[in-house]
Amino acid sequence: MKLAVTAASGQLGRAVIDHLKTLHPVQDIVGVARTPEKAADLGVEIRAGSYGDRDAFESALRGIDAVLLISGNDAPENRIAQHRAVIDGARAAGVRRFVYTSVQGPEQGGGFAQIVDSNRRTEADVRQSGLDWAIGRNGIYIEPDLEYIDSYKRLDGIRNCAGDGRCAYTTRTELAFAYACLLRDNSHDGKTYNLSGRPITQSELVGLMNAALGTEMTYEFVDPERFREDRIAEIGDFYGTVVAGIYEAIAAGAFDNESDFHAATGREHVSWPDVFSKI
């Protein structure tokens, strides 16, 4: 069975391929990248394919049995057509199975809903494609919080508008393992999985950091409008609105979801104490 992973030069694509190389014959793994030379170090066959280019994906996916479409990072209004081009190219190339990386979150209202909505539309396209399919809905990456720890320490804690809401975080490595499993195993066909760890509050998140670092940081609620303004001032209107929308959605319970990680992989998601013990 020949497997393909799109966006192979990206962080998630690379991680999926790294897992696949431990689970599947290397000669039957193909990475697809917009700029193939950026993925040349992966040790698998690399083919060219740019989201939105249906003909390029028809060529790139010839001889492929199952493909993982990693959701694009273009503006939400552009992603739907770009993803459709990949689906159409896969179908024309004779691909039998299609796996898609979607996202958890609110489907209406708030700054993150536009991202979720574009993913739901692609989910619908995948289900209606005529191909066998499996869909994962990613939890929120924990890595940005890990990368932001020095800033949290300067601020003496985490400040956002999530309040007591619980968030089903995940790690890129865990997601990559889950998608490697979904891509290889057709027993998951027709299923949609929430791929995340145990949901935690921001106070629990701070507690995990304190336990790992020996610090005494705290969590402080910030008014949503003020938090949105702060994010926009730091990272721009689009991303600031999206980030603020994520924390508003956490407060509303949109990420407090039961995990299907065990069903997808056959094991439990890594525990948060284990993740933070390595920082």
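Anything mentioned here points back to the structure above.
Topic: the overall build of the chain
Here is step 1 of the chain: Regarding its fold elements, the chain presents 12 helices and 11 strands.
Here is step 2 of the chain: In terms of overall dimensions, the chain is globule-like: its C-alpha atoms have a radius of gyration of 19 Å, near the 19 Å expected for 279 residues.
Here is step 3 of the chain: Counting only C-alpha atoms and orienting by the principal axes, one finds that the chain spans roughly 55 × 35 × 35 Å.
Here is step 4 of the chain: Out of the 279 residues in the chain, the part that is buried amounts to 53%.
Here is step 5 of the chain: Across the chain, every contact between residues at least 6 apart in sequence was considered, and the portion connecting residues at least 24 apart equals 75%.

Observations concerning the packing of helix H9 (residues 224-235) against helix H10 (residues 237-251)
Here is step 1 of the chain: At a minimum axis separation of 7 Å, H9 and H10 run at an interaxial angle of 145°. Note on packing geometry: the crossing formed by H9 with H10 is right-handed. Here H9 contributes Pro224, Phe227, Arg228, Arg231, Ile232 and Ile235 to the contact with H10, which in turn contributes Asp237, Tyr239, Gly240, Thr241, Val243, Ala244, Tyr247 and Glu248.

Some points on the pattern of salt bridges
Here is step 1 of the chain: Under the defined criterion, the tally for this structure stands at 23 salt bridges.
Here is step 2 of the chain: The residue Lys2 makes a salt bridge to Asp28 at a minimum N-O spacing of 3.9 Å. Of the two residues, Lys2 is situated in the segment before strand S1 (3-5) and Asp28 in the loop between helix H1 (11-23) and strand S2 (29-33); the sequence distance between them amounts to 26 residues.
Here is step 3 of the chain: When salt bridges that share partners are traced, they join Glu107, Arg120, Glu123, Arg127 and Arg137 into one network.

Here's the deal with the nonpolar core
Here is step 1 of the chain: If you look at the biggest cluster of nonpolar residues, it comprises 52 residues, and the most contacted ones within it are Leu61 and Phe98.
Here is step 2 of the chain: Among the elements that take part in this core, helix H7 (residues 172-184) stands out by supplying 9 residues, more than any other.
Here is step 3 of the chain: Leu61 has contacts with Ala4, Val32, Arg47, Val67, Val86, Ala90, Ala93 and Val95, leaving out every residue within four places of it along the chain.
Here is step 4 of the chain: Listed in part, the 33 residues of the second largest apolar core include Tyr152, Met217, Val242 and Tyr247.

Re the sheet that holds strand S10 (residues 192-195)
Here is step 1 of the chain: What the 7 strands build is an open sheet, ordered S3-S2-S1-S4-S5-S6-S10; its pairing is parallel. A single partner strand is all that each edge strand has here, and the edge strands are strand S3 (45-48) and S10. Geometrically, the sheet is characterised by an average inter-axis angle of 20° between neighbouring strands, direction not taken into account.
Here is step 2 of the chain: Pairing geometry for strand S4 (residues 66-70) and strand S5 (residues 97-103), over 5 bridges, is parallel. Bridge assignment links Leu69 to a residue of S5, and that residue is Tyr100.
Here is step 3 of the chain: Its contacts with the sheet put H1 on S1, S2, S4 and S5, and the angle it makes with S1 is roughly 155°.

Here's the deal with the pairing of strand S6 (residues 132-138)
Here is step 1 of the chain: The element S6 is extensively covered by neighbouring structure, given that 6 of its 7 residues are classed as buried.
Here is step 2 of the chain: Examined bridge by bridge, S5 and S6 share 7 bridges and lie parallel to one another. Its bridge partner lying in S6, Val103 is registered against Asn138.
Here is step 3 of the chain: For the segment spanning S5, helix H4 (residues 113-127) and S6, crossover handedness is right-handed.
Here is step 4 of the chain: Across 4 bridges, the pairing between S6 and S10 is parallel. Along S10, the bridge assignment pairs Gly136 with Tyr193.

Observations concerning helix H8 (residues 202-213)
Here is step 1 of the chain: Helix length check: H8, at 12 residues, gives a terminal C-alpha distance of 16 Å against a target of 16 Å (1.5 Å per residue), a fit within 8%.
Here is step 2 of the chain: Turning to H8, its buried residues number three or more, namely Gln202, Leu205, Val206, Leu208, Met209 and Asn210.

Some details on the environment of Arg96
Here is step 1 of the chain: Among the structural elements, Arg96 can be located in the loop between helix H3 (76-93) and S5.
Here is step 2 of the chain: Between the alpha carbons of Arg96 and Val222 there is a distance of 48 Å; along the sequence they are 126 residues apart.
Here is step 3 of the chain: If we ignore the near neighbours within four places in the chain, the residues touching Arg96 are Ile64, Asp65, Leu131 and Asp132.

Focus: the side chain of Asp145
Here is step 1 of the chain: Here Asp145 lies in helix H5 (residues 143-147).
Here is step 2 of the chain: Buried charge without a salt bridge: Asp145, with Arg231 as the nearest opposite-charge side chain at an N-O distance of 10.0 Å.
Here is step 3 of the chain: The contact partners of Asp145, leaving out residues within four places of it in the chain, are Tyr152, Tyr169, Leu205, Met209 and Tyr247.

Side note on the packing of aromatic side chains
Here is step 1 of the chain: The full count for this structure, using the stated rule, is 5 aromatic pairs.
Here is step 2 of the chain: Ring plane angle 35° and centroid distance 6.0 Å describe the contact between Tyr51 and Phe57, whose orientation is recorded as tilted.
Here is step 3 of the chain: In this arrangement the basic side chain of Arg172 is found over the ring face of Tyr141, its NZ or CZ atom lying 4.8 Å from the centre.

Definitions and cut-offs
Residues numbered from 1 in each chain as written. Predicted model: local features only at pLDDT ≥ 70, side-chain atom pairs only at ≥ 80, totals over all residues. Heavy atoms only, no water. Helix = DSSP H or I, 4+ residues; strand = E, 2+ residues; numbered from the N terminus. Rg over C-alpha atoms; globule rule 2.2 N^0.38 Å. Buried < 20%, exposed > 50% of the residue type's maximum accessible area, 1.4 Å probe, protein only. Contact = heavy atoms within 4.5 Å. Axes fitted to C-alpha atoms, helices over the stretch in contact; angles between N-to-C directions. Left-handed = near helix turned anticlockwise from the far one by under 90°. Salt bridge = Lys/Arg side-chain N within 4 Å of Asp/Glu carboxyl O. Core = buried A, V, L, I, M, F, W, Y, C linked by side-chain atoms within 4.5 Å. Pairing = 2+ DSSP bridges. Right-handed = clockwise from strand over helix to strand, strands pointing away. Expected span 1.5 Å × (residues − 1). Lys, Arg positive; Asp, Glu negative; His and termini not counted. Phe/Tyr/Trp six-rings, centres within 6.5 Å; stacked < 30°, edge-to-face > 60°. Lys NZ or Arg CZ within 6 Å of the ring centre and 35° of its normal.

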